[in-house]
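Below, each chain spelled out in residue letters.
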Amino acid sequence: MYVNFEYYTPTKVIFGKEAEKQTAAQVKRFGGTKVLLHYGGGSVVRSGLLDRIKASLDEEKIAYVELSGVVPNPHLDKVYEGIELCKKEGVDFILAIGGGSVIDSSKAIGYGVANEGDVWDFFDHNREAKACLPLGAVLTIAAAGSEMSNGCVITNEKNGQKRAYDNDVCRAKFAIMNPELTMTLPDYQTASGCADIIMHSMERYFNQNDNYEMTDVISEALMRNVMKYARILAKEPDNYKARAEVMWAGSLSHNGLTGCGTDNGDWACHNMEHEVGGMFNVAHGAGLASLWGSWARYVHHAAMDRFEKFALNVTCVEPGADAEETIERGIRAMEQFYHDINMPTSLKELGVEPTAEQIETMAHGCEVACGGAAGCIIPLKTADMIKIYEMARG
Ligand code: NZQ
Ligand code: ZN
């Protein structure tokens, strides 16, 4: 089916060297008078970025308060702390300085300030948020795409539930992207980010529709390009061109562009990874890489044409004797790519060895979080996901 779609991407992008110099001007332009500076465990302090941003806010005479300590797979408790602080201080704009975790924590705080009641209700899908405090992002890692997405993923550390909530009201007003800021990343985070970026287009690419050729070619080019530059970054982390290519791809891969006409795609890998992240606190992109091959082998027979197209146009393998062989070559080529950038292709390589009981908990949790089944190529139930997690053990 050739489906209708909506495309909404309101975030103003300021991209390139020294882009962060425009931060205060953008806060002002979008009406911020009292800002929450929200950041993580200290990388932005060590790099001097935080001080530069504070200086620019001082120059524009914009008041601010700070809340640090966002952890990867951001916690609900920090969100509650931020909501309290914003209410107490009369904050009217949130500036996220960091990666997906900081941006998502900011979005959740924004929901909590702008709506009554417990913010976790949104992540539990009990009700919809009506509004969100305006926010902007100064991005320091190319990965999650939260700087342009309508997504927000929070972990309730009390019960290990990691849950996503999508709503257009949380989209950032602006995103400042200076590729140079990503050069201080540990190699593992750079690679994990690249795996996540590719997956955001891949999850949209794999679906059961009669896809728009325009969307397919954008998606395929994006995935090839990130694979190319991720391999370069594995050897040359200071390569500006590679940093810039990956950073821009990171935003385009998750701002909806590669999802036009895909009827949302198949997000089973993401949904299954969120369970792993909630239980074992792994880097998100690495978690995705560890599951993808097993997922692909489990579902490919239900979408042979798409998997064959992916093998030929994205991993660029030679055709095999039949579609099955071509597809397996494509999956292997993708796994080879993950290994080339030091990403895992199994849970064992990820450093996770779940018990049978933990696998069942994750599979069941995923079914519940997805409202009945994960993905669309084969709508995966608990029993399917148990098999995939088992296949992914390694
Ligand atoms: O906390 P600090 O000290 O800043 O260190 C961070 C963190 O340890 C570090 N880092 C970031 N920029 C750096 C840096 N270290 C040195 N130099 C820099 N320039 O990197 C580590 C990871 O940061 P994090 O923000 O967690 O990474 P990422 O952007 O991959 O975000 C992952 C989170 O986003 C969610 C994931 O599930 C995960 O919770 N996602 C959000 C999405 C969305 N909102 O649309 C979609 C994604 O699919 C994803 O689920
Ligand atoms: Zn992701």
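Residues numbered from 1 in each chain as written. Chains lettered and ligands numbered in written order. Predicted model: local features only at pLDDT ≥ 70, side-chain atom pairs only at ≥ 80, totals over all residues. Heavy atoms only, no water.

Draft legend 1. Up close: the overall build of the protein. The helix and strand tally for the protein stands at 16 helices and 8 strands. Here the C-alpha atoms of the protein give a radius of gyration of 20 Å, agreeing with the 21 Å that 2.2 N^0.38 yields for 394 residues. Overall size of the protein, expressed as C-alpha extent along the three principal axes, is 70 × 45 × 40 Å. Restricting to contacts in the protein with at least 6 residues of sequence separation, those with at least 24 account for 77%. A total accessible area of about 15800 Å² is found for the protein, and carbon and sulfur atoms account for 50% of it. The centroid of the 37 positive side-chain charges in the protein is displaced by 5 Å from the centroid of its 54 negative side-chain charges. (Helix = DSSP H or I, 4+ residues; strand = E, 2+ residues; numbered from the N terminus. Rg over C-alpha atoms; globule rule 2.2 N^0.38 Å. Contact = heavy atoms within 4.5 Å. Areas by Shrake-Rupley, 256 points an atom, 1.4 Å probe, with all protein chains shown as cover. Lys, Arg positive; Asp, Glu negative; His and termini not counted. Charge placed at Lys NZ, Arg CZ, Asp CG, Glu CD.)

Draft legend 2. Looking closely at the site of ligand 1. Around ligand 1 there are 33 residues in total, and G41, S43, S101, S149 and T184 lie nearest to it. Within the backbone of G41, one N or O atom sits 2.7 Å away from an oxygen atom of ligand 1. Between ligand 1 and G42 there is a distance of 3.1 Å, counted from an oxygen atom to a backbone nitrogen or oxygen. In isolation ligand 1 offers 960 Å² of accessible surface; the protein chains occlude 89% of this area. Here the residues of the shell around ligand 1 are counted per class, giving 11 nonpolar, 19 polar and 3 charged. (Near = heavy atom within 4 Å. Polar contact = N/O pair within 3.5 Å; in protein donor to acceptor, adjacent residues only side chain to side chain. Nonpolar A, V, L, I, M, F, W, Y, C, P; charged D, E, K, R; others polar.)

Draft legend 3. Seen up close, empty space enclosed by the protein. Applying the stated criterion to the full structure yields 1 cavity of 30 Å³ or more. Put simply, the largest cavity is a space of about 40 Å³. As for the largest cavity, its lining consists of A142, T182, L185, T190, R243 and V246. In terms of residue class, the lining of the largest cavity is made up of 3 nonpolar, 2 polar and 1 charged. (1 Å grid on protein atoms, 1.4 Å probe; cavity = no way out; pocket = protein on both sides within 12 Å on 5 of 7 lines; lining within 4 Å. Points joined across faces, edges and corners; volume = space filled by probe spheres on them.)

Draft legend 4. Inspection of the sheet that holds strand β4 (residues 93-98) at higher detail. If you trace the 6 strands from one edge of the open sheet to the other, you get β1-β8-β5-β4-β2-β3, paired in parallel fashion. What marks the edges here is a single partner per strand, and that holds for β1 (12-15) and β3 (63-67). The average angle at which neighbouring strand axes cross in this sheet is 20°, direction not considered. One ladder, built from 5 bridges, connects β4 with strand β5 (residues 135-139); its direction is parallel. Paired with G98 across the strands is L139, a residue of β5. Sheet contacts for helix α4 (residues 76-89): β2 (34-39) and β3; angle to β3, the most-contacted strand, approximately 160°. Sitting on the sheet, helix α9 (residues 240-252) is in contact with β1, β5 and β8 (174-177), with an inclination near 175° to β1. (Pairing = 2+ DSSP bridges. Axes fitted to C-alpha atoms, helices over the stretch in contact; angles between N-to-C directions.)

Draft legend 5. View of the coordination of the zinc ion (ligand 2). Protein-derived coordination of the zinc ion (ligand 2) comes from D196 (OD), H200 (NE2), H270 (NE2) and H284 (NE2), at a distance range of 2.0 to 2.2 Å. Spacing between the donor residues of the zinc ion (ligand 2) along the chain follows D-x3-H-x69-H-x13-H. Of this pair, H200 sits in helix α7 (residues 187-205) while H284 sits in helix α11 (residues 284-299), and the two are 84 residues apart along the sequence. Exposure class is identical for H200 and H284. Each is buried. (Donors = N, O, S within 2.8 Å, 3.2 Å for Na, K, Ca; no water. Buried < 20%, exposed > 50% of the residue type's maximum accessible area, 1.4 Å probe, protein only.)

Draft legend 6. Up close: the packing of aromatic side chains. On inspection of all chains with the given rule, the structure shows 18 aromatic pairs. Each member of the aromatic cluster is reached from another via a ring pair, and the members are Y205, F206, W292, W295, F307 and F310. Taking NZ or CZ as reference, R29 lies 4.3 Å from the ring centre of F30, over its face. The lysine or arginine in question, R306, covers the ring of Y205, its NZ or CZ lying 4.2 Å from the ring centre. (Phe/Tyr/Trp six-rings, centres within 6.5 Å; stacked < 30°, edge-to-face > 60°. Lys NZ or Arg CZ within 6 Å of the ring centre and 35° of its normal.)

Draft legend 7. Seen up close, the layout of surface pockets. Taken as a whole, the second largest pocket holds about 240 Å³ of empty space. Every residue lining the second largest pocket is counted, 15 residues in all, and those nearest its centre are Q161, R163, E275, G365 and A369. Put simply, the parts of the chain that give the lining of the second largest pocket at least two residues each are β7 (161-164), α10 (268-280) and α15 (356-369). It is α15 that provides the largest number of residues to the lining of the second largest pocket, a total of 5 residues. Looking at side-chain class alone, the lining of the second largest pocket contains 5 nonpolar, 7 polar and 3 charged residues.

Draft legend 8. Expanded view of the packing of α10 against helix α16 (residues 382-392). At a minimum axis separation of 12 Å, α10 and α16 run at an interaxial angle of 65°. The orientation of α10 with respect to α16, classified from their angle, is roughly perpendicular. For the crossing formed where α10 meets α16, the hand is right-handed. Here M272, E275 and V276 of α10 come into contact with α16, specifically with M385, I388 and Y389. Its residues assigned to classes, the contact of α10 with α16 shows 5 nonpolar, no polar and 1 charged. (Parallel < 35°, antiparallel > 145°, perpendicular 65-115°, else oblique. Left-handed = near helix turned anticlockwise from the far one by under 90°.)

Draft legend 9. View of the state of the cysteines. Tallied over the full model, the rule gives 0 disulfides. This cysteine, C370, is not joined by any disulfide, and C366 carries the nearest cysteine sulfur, 4.1 Å off. In this structure C370 comes out as partly exposed when scored by relative accessible area, which is 24%. Sulfur of C376: no disulfide; nearest cysteine sulfur belongs to C370 and is 12 Å away. (Disulfide = S-S within 2.5 Å.)

Don't take any of this as a statement about function, it's just geometry.
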